[in-house]
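# A structural walkthrough
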Amino acid sequence: MIPEMITIKNGKLPDEPGVYFYYDKRGELLYIGKATSLKRRVESYFVKAHTRRTEELVARIARIEYEQLPTVLEALVLEANQIRAHQPFYNVRQKDDKSFCYLAITNEQYPRPFILRGLELERLGVRPFERKLSHIARKQFLTLFGPYMSAQSLRVALDLVRKFIPWSDCLPGARRACFSVSIGLCPGVCIKTISPTAYRKYIRDLILFFRGRTRELRTLLRERMENAARRERFEEAATLRNRLFALDHIRDVALIQRDVPDVRGTYEESGIDLEGRIEAYDISNISGTSAVGSMVVFEHGKPAKDKYRRFKIRTVKGANDVAMMEEVLRRRLARARRQPHAWPLPEVLVIDGGEGQVRTVVEEVGKIGKGGKVPKVIGIAKGFDRKQDRLVFDHHDAELARVATRGKELFQRARDEAHRFAVAYHRKLRTRFSLGL
């Protein structure tokens, strides 16, 4: 139970989604949090055993305010905006903390949303905790939202929002439409079926939503729908009606998976997000001929086939898989430096191979430097069956060891997909060679 000496807005907490605010007796804002149920979340601080840091926070609470919201998704957005505006001590230990996640909207002809860590933003010359974007930041981004405590929650939020605000992470100029076009989640940036001006309307809607101005967004969609109907543009009106319906019927319980206090340090979690971007690499050649490398990408635990890439080996002669893997990773990481938005770095690099390949890749990754996000590296040395596959990684890295155990099946699936993709490309090149093409 909450002690009687603590003042609560309206005298009680609702069993509804929202954002809560803890103040001390001097009126200083201590902490901001989100909840699927304000009542259950706040009461949990006073009935469960916690870390020393959380106990310290609880001892200082004198007043509890809250804002009730229709959905957890809106609570997630409001929490991030309020933390950025007020930077409470128990949310943000240090203002240069680089582990938080941010939603960045790029400043391009066709702007794209990206989830970036504080480290990545600082590498681009952007200070994440600045309330206003600097001149350097505005050249790269239209706006920046965050900090968000969980990359996974932010990814789920973006996926939910995409149902009523179709956005694209494609670059224009593709020969074929991406899969998201076929299911209505991408408005056709990849094949330029939408003009930059028309696409900017979607981006403005996206920015409105993540600024927490949901009511304004609903009003805009309704006005556009009614205007299209008056002009007898019934197909457009129907599309807007569907978007409005999706906005009003958000199902977002996955955004908050457990109602426990989330003060930093309350519980230990790996900083590696297995739902994030995982890249797997393989080399295919016969006696060093027609040598190729493959890169496959998994996101949310599933293949993201539009992000697969192939590499024709250029510098290595003869059968030397270790040197070939080194060339592929060197070229891939160089592209990340030149085009960080188009080639974002993954959580984990999965390498088909043993100690030699892993050591080589770790050395290449180490060249990123202290200022950038450094992906973890895991190799898979083949056994006589999948159960006997051996994971090769730095066992002194406790965080990586936890992830290696938990994600082995995912890494094996990614490795198998990289092998399939490499072999297919290798066969294609050998066929061309045999035909003299």
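Residues numbered from 1 in each chain as written. Predicted model: local features only at pLDDT ≥ 70, side-chain atom pairs only at ≥ 80, totals over all residues. Heavy atoms only, no water.

### Looking at the overall build of the protein
Assigned secondary structure in the protein consists of 14 helices and 14 strands. Looking at the protein as a whole, 53% of its 437 residues are labelled buried. By sequence separation, contacts in the protein at least 24 residues apart represent 65% of the contacts at least 6 residues apart. (Helix = DSSP H or I, 4+ residues; strand = E, 2+ residues; numbered from the N terminus. Buried < 20%, exposed > 50% of the residue type's maximum accessible area, 1.4 Å probe, protein only. Contact = heavy atoms within 4.5 Å.)

### A few points about the pattern of salt bridges
Within the structure shown, the criterion is met by 26 salt bridges. Between E279 and R332 there is a salt bridge; the shortest N-O distance is 2.6 Å. Of this pair, E279 sits in strand β8 (residues 278-286) while R332 sits in helix α11 (residues 321-338), placing them 53 residues apart in sequence. For the pair E279 and R332, one class covers both residues: buried. Note that D352 and K382 form a salt bridge whose closest N and O atoms lie 2.8 Å from each other. A residue pair is termed long-range when its members are at least 10 positions apart, and D352 in strand β12 (residues 348-352) and K382 in the loop between β13 (376-381) and β14 (390-392) qualify at 30 residues. Classification of D352 by relative accessible area gives buried; the value is 11%. Judged by relative accessible area, K382 falls into the exposed class, the value being 56%. A network of salt bridges, in which partner residues are shared, links D24, R26, E28 and R60. (Salt bridge = Lys/Arg side-chain N within 4 Å of Asp/Glu carboxyl O.)

### Describing the packing of helix α9 (residues 214-230) against helix α10 (residues 234-248)
The interhelical angle for the contact between α9 and α10, taken along N-to-C directions, is 160°, at an axis separation of 8 Å. Regarding the angle of α9 to α10, the classification is roughly antiparallel. Seen along the crossing, α9 lies across α10 with a hand that is left-handed. Residues T214, L217, R218, L221, R222, R224, M225, A228 and A229 of α9 form the contact with α10, whose own contacting residues are F234, E236, A237, L240, R241, R243, L244, L247 and D248. Taken together, the residues that form the contact of α9 with α10 break down as 10 nonpolar, 1 polar and 7 charged. (Axes fitted to C-alpha atoms, helices over the stretch in contact; angles between N-to-C directions. Parallel < 35°, antiparallel > 145°, perpendicular 65-115°, else oblique. Left-handed = near helix turned anticlockwise from the far one by under 90°. Nonpolar A, V, L, I, M, F, W, Y, C, P; charged D, E, K, R; others polar.)

### Thoughts on the packing of aromatic side chains
What the rule picks out here adds up to 13 aromatic pairs. With 6.0 Å between their ring centres and 75° between their planes, Y20 and Y45 make a pair best called edge-to-face. Placement of Y20 in strand β2 (residues 18-23) and of Y45 in helix α1 (residues 38-47) is noted, with a sequence separation of 25 residues between them. By relative accessible area, which is 0% here, Y20 ends up buried. Seen in terms of ring centroids, Y110 and Y199 are 5.7 Å apart; in terms of plane orientation they differ by 55°. Their pairing is tilted. Residue Y110 is located in the loop between β5 (101-106) and β6 (113-117), and its partner Y199 is located in helix α8 (residues 196-210); the two are separated by 89 residues in the primary sequence. The ring centre of Y66 lies 4.9 Å from the NZ or CZ of K9, which sits over that ring. Directly above the ring of W167 sits R162, whose terminal nitrogen or CZ lies 3.9 Å from the centroid. (Phe/Tyr/Trp six-rings, centres within 6.5 Å; stacked < 30°, edge-to-face > 60°. Lys NZ or Arg CZ within 6 Å of the ring centre and 35° of its normal.)

### Observations concerning the nonpolar core
With 38 residues, the main nonpolar core has Y148, F164, F209 and F210 as its most contacted residues. For this core, the secondary structure elements donating two or more residues are α3 (72-86), β5, β7 (141-148), α6 (151-161), α8, α9 and α10. Looking at which element gives the most residues to this core, the answer is α8, with 7 residues. Those residues within four positions of F210 in sequence are excluded, and the remaining contacts are V77, N81, L103, F145, Y148, L154, L158 and V161. (Core = buried A, V, L, I, M, F, W, Y, C linked by side-chain atoms within 4.5 Å.)

### Considerations on the pairing of strand β3 (residues 29-35)
Every regular strand shows the same layout, with side chains that alternate between the two sheet faces. With 7 of its 7 residues buried, β3 lies for the most part within the structure. The pairing of β2 with β3 spans 6 bridges and is antiparallel. Bridging from a neighbouring strand, G18 pairs with A35 of β3. (Pairing = 2+ DSSP bridges.)

### Some remarks on the side chain of H341
Following the sequence through the fold, H341 ends up in the loop between α11 and β12. With a relative accessible area of 16%, H341 lands in the buried category. Here H341 is in contact with T106, R112, F114, L124 and F141, once residues within four sequence places are set aside.

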